[in-house]
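Coordinate analysis (summary)
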Amino acid sequence: MIEFRRVSKTYQTGTNALRDVSFTIENGEFVFIIGRSGAGKSTLIKLLTCEERPSSGQVLMDKFDVSKIKRRFVPFLRRNIGMVFQDFRLIHTKSVFQNVAFAMEIVGSSTKAIRRRVPIVLSIVGLRDKALDRPRMLSGGEQQRVAIARAMVNNPMLILADEPTGNLDPTNSEAIMALLEQINRSGTTVIICTHDRDLVDRMKKRVIEIDDGLLVRDDCQGSYAQSNPVCQPYIKPVVGPVDEHIRPEAVS
Amino acid sequence: MRATLLRHSLSEGLNNLVRHPLVTLASITTIALMLFMLAAFSIFSLNARQMMARAGEQPPIEITLDIGISEDQIASITAELESNTNVRDFQIYSPEENFETFKSNLGQDELFSDFSADYIPYTYAVRLIDPAGSQNFKDQLEGLNGVRKVALEIRVMEFLSKAIIWVNYATLAAFIALGVISFFIISNMVRVAVFARGDEINIMKYVGATNWYIRIPYILEGAFAGLIGGGVAWLAAYLTYMRLFDLFMTRTLPTDVLAMIPPIGIAQIILMLNLGLGIGVGAIGSAVSVRRYIKV
C-alpha cells in the first residue's frame, strides 16, 4: 500500500510543487496521475523513488516511511519499483537482452537465473525474437516494451510509468497500455503519469488529478475531464489464466 | 564480491579506458611521468645508500700517533677506541709494519737500506658503524694526548650523506607535485567518463544499483590506468638505468665503493614501488572523483 500523508514539497527556488497532498493506493491498483505540465506529477514520482524528500508529511510504502529512508538504502527501495519513462531510457550500447538482464545483474541475480528469466520476460512483451537487436534498431513501441520488460524483470511491487505513451502513436500506445494492464492484473501496482486524454478515458481506471500542487480530484473509475468525487473502495481483481504468465517465476 | 559484479566491474573498467583514448593516454602519461621521476630518485637513493654502506665498511679513517709515543699512551688510545660505540672495528699497525707496507708500496727496498722504522709512527685503521659521525669522531680523537693526526676520507661520505637527504626531499616534493597533477588528470578522466555515461548511470540508479555497483568500474578504470602508467615508468627507468650502468661501470669493479647496484638488483623493488603507487594513485584519484560526481 502506498500512502501520501499531508505531503508538501517546496523546492529551494521557492516553488511549491505539492501542497498538503494525501491519498492512498492499495496494492494491485491501477492509477492514473494526471495534471498540467508543472502541476506536480513528476515531484510525486520523485518522492516515491526517493529522488526528492518531502518538505513535510510522510510517504509510506507498505507502512514504511520512505521519506526518511537513509540514502544508502534507496537503491534497495528502487529494486521494488519498476520505472518506465517517456524516452524509454535504454542503454544503446547494449542489446535488448542485455538491457533487461542488466536490471537483474544489478540486484545480484545469478547468470543462470538471468539466462532463464530474461527470455521469458521478453516473450511476455513480444520481443523474444529481437533479443540480440540494439534498441536503435527497434520502433518506439518496441523500445518501450523493452523498458517495460526491464521494469518487470525483477518482479517489482510497483511499476511507475512517467508518460509511457508520450512518444508513441495511438496503436503502440494502446499496446503498451494493454501490456501494463496485463501486468497489473497479475497483482503489481501500476501508477501512470500521463497527458493522454483518450487513454485515460478509455481505460476507466482510478484517476488522481494534481493541479498547482494540490490534489483536486480522486475518481475511482474516472476520465481525464469528468469529475466523480465519490471514490469506491478498491477491489482487487481476480487473477485470470492469462495473468499466470506475467510473472516470470510463475512460468519457470 | 559477487561474480556478476566482479565481471561487470572489470569489463566496464576496461571498456571505460578505451572509450576516451586521449583522456586515458593523458592520465597514463602523467602517472608514468610521476612514477618515472620517483623511480629515478629512488634508484639514486638506493645507490647512494649502498655507496655509503660500502664506504663505511672500508677503513677510511687513519689515526697517526706521535713518533716515540709511550706504551701507556698507546694503551689509553686503544681503550678509547674500544669504548667508542661508533667504532665497528680497528687495527693497530706498528712502525715496523708501516715501514714494510711503505717499502712494498714503493717496490724499491734498496732505497731504504739506511732508513729505520724509528721515524715511522704507530697508526690505527678504523671502521665506523655510522660513517655520518666521522667528523665528531675526528674531533674527539684529535683531543687525545699522543694523537698527531686523524685523516678522514669523508668528502665522498659527506656528499653522499647530504645527497641522500636532498634526494629524499626532492623525491617527496616531486611525488607530491606530480601526485596532485595525476590526481587532477585522473579526476578529469573519470569526470569525462561519468558525463559521457550520464544517462546510463541514471538508468542504473533507477533500476536500483548501489553506489558501489556504479562506482567500482570507475575506480578500476583509474587503477588500470595507474597499473599501465606504473609499468611504463618502470620499463623506462629500468632501460635508462641499464644504459647508465653500462656506461659508468665499464672501468669500475662491482666491489668498488662507487660501484652501482646491478640493474637486476633494483628491478624488482622499483617494479613493486611503481605498480603499487600507480594502482594506488589511480584508484584513490578515481574513488574521490567518482564520489563527487556520482551520487545516488
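Keep in mind the model is a prediction, meaning the values are calculated, not measured. (Residues numbered from 1 in each chain as written. Chains lettered and ligands numbered in written order. Predicted model: local features only at pLDDT ≥ 70, side-chain atom pairs only at ≥ 80, totals over all residues. Heavy atoms only, no water.)

Next up on the list: a nonpolar patch on the surface. Taken together, the side chains of Leu-172, Ile-176, Val-180 and Phe-184 of chain B define a hydrophobic patch exposed on the protein surface, amounting to about 390 Å² of accessible area. Assignment of secondary structure puts Ile-176 of chain B in helix H6 (residues 154-196). (Patch = residues over 30% accessible without salt bridge, like charges linked within 9 Å, V, L, I, M, F, W, Y side chains within 5 Å. Areas by Shrake-Rupley, 256 points an atom, 1.4 Å probe, with all protein chains shown as cover. Salt bridge = Lys/Arg side-chain N within 4 Å of Asp/Glu carboxyl O. Helix = DSSP H or I, 4+ residues; strand = E, 2+ residues; numbered from the N terminus.)

Counted by the stated rule, this structure contains five cavities of 30 Å³ or more. Here the largest cavity defines a volume of roughly 120 Å³. For the lining of the largest cavity, the secondary structure elements donating two or more residues are strand E6 (81-85) and helix H5 (140-152) of chain A together with helix H7 (198-207) of chain B. For the lining of the largest cavity, the leading source of residues is E6 of chain A, giving four residues. Grouping the constituent residues of the lining of the largest cavity by class yields eight nonpolar, two polar and three charged. (1 Å grid on protein atoms, 1.4 Å probe; cavity = no way out; pocket = protein on both sides within 12 Å on 5 of 7 lines; lining within 4 Å. Points joined across faces, edges and corners; volume = space filled by probe spheres on them. Nonpolar A, V, L, I, M, F, W, Y, C, P; charged D, E, K, R; others polar.)

Our focus in this paragraph is unusual backbone geometry. All names here are of chain A. If you check the backbone angles, Arg-6 has positive phi at about 45° while not being a glycine. One can find Arg-6 in strand E1 (residues 2-10). The exposure class of Arg-6 is exposed, given its relative accessible area of 55%. The phi angle at Phe-88 is positive, at roughly 65°, despite the residue not being glycine. We classify Phe-88 as buried; its relative accessible area is 9%. (Buried < 20%, exposed > 50% of the residue type's maximum accessible area, 1.4 Å probe, protein only.)

This paragraph deals with the confidence of the model for chain B. For residues with low pLDDT, the predicted coordinates do not support detailed interpretation. Residues and elements named next belong to chain B. Summing up the model confidence of chain B, the mean pLDDT is 83 and the portion of residues at 70 or higher is 92%. Of all the helices and strands in chain B, H6 carries the lowest mean pLDDT, 76, while helix H8 (residues 211-248) carries the highest, 91. Interface confidence for the predicted complex, expressed as ipTM, amounts to 0.76; the pTM equals 0.65. (pLDDT = per-residue confidence, 0-100.)

What follows deals with helix H1 (residues 3-19) of chain B. Counted at 1.5 Å a residue, the expected span for H1 of chain B with its 17 residues is 24 Å, and the 24 Å between its end C-alpha atoms agrees. What H1 of chain B keeps buried is the set Thr-4, Leu-5, His-8, Ser-9, Glu-12, Gly-13, Asn-16 and Leu-17 of chain B. (Expected span 1.5 Å × (residues − 1).)

Residues and elements named next belong to chain A. Pairing analysis gives six bridges linking E1 to strand E2 (residues 16-25), with the strands arranged antiparallel. By the bridge assignment for E2, Phe-4 is matched with Phe-23. Linking two consecutive strands that pair antiparallel, namely E1 and E2, is a turn of five residues; a positive phi of about 100° is found at Gly-14 within it. (Pairing = 2+ DSSP bridges.)

Residues and elements named next belong to chain A. Reading across from one edge, E6-E7-E8-E3-E9-E10 is the order of the six strands in this open sheet, with mixed pairing throughout. Looking along the sheet, the strands with just one partner apiece sit at the ends: E6 and strand E10 (214-219). Each adjacent strand pair in this sheet contributes to an overall mean axis angle of 15°, direction not counted. Where strand E9 (residues 206-211) lies against E10, five bridges are found, and the strand directions are antiparallel. Its bridge partner being in E10, Asp-211 is matched across the sheet by Leu-214. Contacting E6 and strand E7 (158-162), H5 crosses the sheet at an angle of about 170° to E6. (Axes fitted to C-alpha atoms, helices over the stretch in contact; angles between N-to-C directions. Contact = heavy atoms within 4.5 Å.)

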